[in-house]
Amino acid sequence: MPPLEDVGFVISAAGIKVDQEKVKAIQEWPMPTSITQVRSFHGLASFYQRALKTWQHYLWPKEFVIHTDHESLKHIKGQGKLNRRHGKWMEFIETFPYVICYKKESGLPSSLQVLKIEHCKNLISLVHEEEYSNCAATCLESLVIRNCPSLKSISSANGSLPARFKHLSIRYCPTLQCLSWGKLPDNLRNLEIYDCDNLICLSSSCELPEALESFQIWSCNRLESLKATLPKSLKSLLICNCGQLKWITDRFDGNNCLQYIYIKWRKDLGSLPEGLHHLINLGTLIIEKCEKLVSFPQGGLPASNLRMIYVICDNMVAYPRGIQNLIFLKRLEISYSEGFIKVLEEVGFPPNLSSLTIRNLKVCKPLLQWGLHRVTSLRELHLSGEATDMVSFPPEPEEEEEKEEENVDDELQGKMMLPNSLTTLNIESFKNLDRLSAGIQCLTSLQYLSICYCEKLSSFPEGGLPLSQISWLNNMA
C-alpha cells in the first residue's frame with residue numbers, strides 16, 4: 001500500500017504517522033512579527049494539540065517532563081476553582097504521567113532590538129553561560145558599550161552573539177578579551193572596537209562575517225591576527241594603533257565595494273597589499289605614521305574614483321607612478337620625500353586638484369620646478385617644514401638661474417609659480433623666512449592667508465597684499 005497524506009498525517013502499511021513536513025514547519029517557523037502571522041502559527045500548533053488525543057497511548061507508559069518558562073503552570077495541579085472547560089482539560093491531562101519543570105526566562109528580552117550600556121564600572125558579563133541558549137531567537141540588532149572597565153565578555157564560553165546582530169560598537173573596555181567564543185554573527189554589518197587593550201581575538205575563528213560593510217579597530221594592542229581575506233562586501237576599513245596586528249590580507253581580491261581605507265600607526269607595516277589598483281570604488285586613501293612603509297604596490301593606485309590621498313610616512317621612498325592620471329583626485333596631502341619629488345618632476349601634479357598639503361618640506365627649490373601654476377583648479381595650499389632655503393615666499397629665483405632663463409620674464413618667473421585660483425594659503429614653521437615676495441600680489445583670488453611660527457618674518461612686499469586680501473581684512477574690521 002503506497003503512503004497517503006491526509007490532514008497532516010501519513011497513512012501507510014506501517015500505520016499512521018505525523019507528517020514530518022508539518023513538524024519541520026513548526027520547528028523552523030520564523031518569529032511572528034504581526035497579528036496575522038501569530039494567528040497562522042497558533043492554528044498550526046493547535047492542530048497538533050488536538051492530535052494529542054490520537055497519540056496519547058505513546059505518552060502513558062512512561063513519565064515525561066514538560067519544560068516551560070510560564071510560571072503559572074507550576075500551580076496547575078493546585079487550582080481550587082476551575083470552570084467547566086478548564087476542568088475538562090485537567091481531567092484529560094491528569095491521565096498522563098507528566099512533571100512540569102519551570103525554568104525562569106533568562107537573558108535579554110526577546111523583543112529587545114537596541115542595547116546601549118555606558119559607564120557601568122562593575123559590569124563583568126552581559127549574560128551568564130546558561131542564559132544565552134536562546135540567543136538565536138532574540139531580536140537584538142544593535143549593541144553599543146562604552147566605558148565598562150570590568151567587562152570581560154559579551155557572550156558565554158560556549159555561545160555566540162545573537163544571530164540578528166547588525167551593529168556592534170565597543171569602546172573603552174580595557175579588560176575585554178574576546179567578542180565571541182563562537183563565530184561572529186553572519187548578518188553583522190558594522191563592527192567598531194576602540195581602546196580595548198587586552199582584546200586578543202574577535203572570535204574563535206578570527207574570521208570577519210561575509211556581510212560586513214564597515215570595520216574599525218583602534219588601539220587594540222594585543223590583537224595579533226584576523227582572517228587572511230577581507231569580506232567582499234566591505235566598504236570601509238580603519239586600522240589604527242594596533243601594534244601587534246599583522247596585515248589582515250595579502251591581496252585585495254574582489255573587494256570592489258571598498259570605498260575608504262585608513263591605516264595609522266602600524267609600525268611593522270612594510271608594504272600595502274597587492275591589487276590596490278583593482279579597488280575601482282576606492283574614494284579615500286589615508287596612510288599615516290607607518291614608519292616602515294617605503295613603497296606602494298607595483299600596480300599603483302585606482303584612477304576611477306579616487307578623490308583623496310593622505311600619505312604622511314616620512315620614510316616613503318617610492319610613490320606610485322601614474323599619479324597624473326588621477327583625474328578625479330581633489331585633495332592630496334603628503335610628507336616631503338625624495339621619492340615623491342622624483343614623481344612630481346617627471347609627471348607633475350594631478351590636473352584637477354583643489355587642495356594640496358605638503359608637510360616636512362626640507363628643500364624649497366623644487367617648488368619652482370613643480371609647475372604649481374598649471375594646476376588652475378587649486379584652491380587651498382598648505383606648506384610646512386624646516387626648509388632652510390625658504391627665505392622668501394613665494395620663493396624668488398637666484399641670480400644665476402635668472403641669467404640662464406633669458407627667455408623667461410624675470411617678473412613672471414617670480415610671480416607665476418602659484419596659480420591665481422588660490423583662495424587659501426597657509427605657511428608654517430619656516431624659521432628662515434624673512435619676507436613675502438612680490439609674487440604674492442598675483443594671487444588676486446586669495447581670501448585667507450595664515451603665517452605661523454616664522455620667527456624671522458619682518459616685511460611684506462612693497463606693493464602690499466593682493467586686493468582680495470585687503471578687502472577681506474576690511475570686512476573683518
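Residues numbered from 1 in each chain as written. Predicted model: local features only at pLDDT ≥ 70, side-chain atom pairs only at ≥ 80, totals over all residues. Heavy atoms only, no water.

In the nomenclature of an unreviewed UniProt entry, the protein chain is known as Disease resistance protein At3g14460 of Ziziphus jujuba.

## Focus: the packing of aromatic side chains
To keep things clear, this is the line we draw: Centres within 6.5 Å are what make two rings of Phe, Tyr or Trp a pair, Trp counting through its six-membered ring; a difference in plane orientation under 30 degrees is then read as stacked, over 60 as edge-to-face, and the rest as tilted. Only runs of H or I of at least four residues qualify as helices and only runs of E of at least two qualify as strands under DSSP, and these elements are numbered from the N terminus. Relative accessibility under 20% of the residue-type maximum defines a buried residue, over 50% an exposed one, and the middle range a partly exposed one, all with a 1.4 Å probe and only protein chains included.
Scanning the model with the defined rule gives 2 aromatic pairs in all. On the numbers, 5.8 Å between centres and 10° between planes, the contact of Tyr 194 with Trp 218 is stacked. Here the residue Tyr 194 occupies a position in strand 10 (residues 190–194), and Trp 218 occupies one in strand 12 (residues 214–218), the gap between them amounting to 24 residues. Overall, the relative accessible area of 11% leaves Tyr 194 in the buried class.

## Focus on unusual backbone geometry
A cis geometry characterises the amide bond from Phe 393 onward to Pro 394, with omega recorded as -5°. Not every positive phi belongs to a glycine, and Tyr 172 is a case in point at roughly 60°. Within the secondary structure layout, Tyr 172 lies in the loop between strand 8 (167–171) and strand 9 (178–180). Tyr 172 sits in the partly exposed class, given a relative accessible area of 40%. A positive phi angle is found at Lys 289, which is not glycine, with a value near 55°. Checked against the element boundaries, Lys 289 lands in the loop between strand 15 (284–288) and strand 16 (308–312).

## Section: the nonpolar core
The condition that has to hold: In these notes, a set of buried Ala, Val, Leu, Ile, Met, Phe, Trp, Tyr and Cys residues joined through side-chain atoms within 4.5 Å is what counts as a nonpolar core. Note on contacts: a residue pair is in contact if any heavy atoms of the two residues lie within 4.5 Å.
The biggest cluster of nonpolar side chains holds 96 residues, and the ones touching the most others in it are Leu 179 and Leu 191. Counting residues per element, this core draws most heavily on helix 4 (residues 338–347), at 4 residues. Those residues in contact with Leu 179 that lie beyond four places of it in its chain are Ile 154, Ser 155, Leu 161, Leu 168, Ile 170, Leu 184, Leu 191, Ile 193, Leu 199, Cys 201 and Leu 202. In this structure, Tyr 194, Cys 240, Tyr 262 and Ile 312 belong to the second largest nonpolar core, which totals 8 residues.

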